[in-house]
Amino acid sequence: MISNIVLCLKKKQMFKTQAKKLSIKFVPYLFIVVTILTTFGSNSGTWA
């Protein structure tokens, strides 16, 4: 019973670590998209 709980907690921790690594990979792309949208968006490229 206790070993199952520990195993479940380890799986959750691994998932969190993988999600964090994945989000770090997408940060540059997100920054580029936001930059492009603000450049071609309203208010002549200034942050709204």
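For the structure itself, consult the block above.
Residues numbered from 1 in each chain as written. Predicted model: local features only at pLDDT ≥ 70, side-chain atom pairs only at ≥ 80, totals over all residues. Heavy atoms only, no water.

(A) Seen up close, the overall build of the protein chain. From N to C terminus, the protein chain includes one helix and zero strands. Of the roughly 4,900 Å² of accessible surface on the protein chain, a fraction of 74% belongs to carbon and sulfur atoms. (Helix = DSSP H or I, 4+ residues; strand = E, 2+ residues; numbered from the N terminus. Areas by Shrake-Rupley, 256 points an atom, 1.4 Å probe, with all protein chains shown as cover.)

(B) Local environment of a nonpolar patch on the surface. Together, Leu22, Phe26, Tyr29, Phe31, Ile32 and Ile36 line one region of the surface with nonpolar side chains, adding up to about 670 Å² of accessible area. Note on Tyr29: relative accessible area 55%, which makes it exposed. (Patch = residues over 30% accessible without salt bridge, like charges linked within 9 Å, V, L, I, M, F, W, Y side chains within 5 Å. Salt bridge = Lys/Arg side-chain N within 4 Å of Asp/Glu carboxyl O. Buried < 20%, exposed > 50% of the residue type's maximum accessible area, 1.4 Å probe, protein only.)

(C) Geometry of the packing of aromatic side chains. One pass over the structure, following the stated rule, counts one aromatic pair. Ring centres of Phe26 and Tyr29 lie 6.4 Å apart, and the angle between their planes is 55°; this geometry places the pair in the tilted category. Within this pair, Phe26 and its partner Tyr29 are both found in helix H1 (residues 2-40), separated by three residues, close to a single helical turn. The exposure classification of Phe26 matches that of Tyr29, with both residues exposed. (Phe/Tyr/Trp six-rings, centres within 6.5 Å; stacked < 30°, edge-to-face > 60°.)

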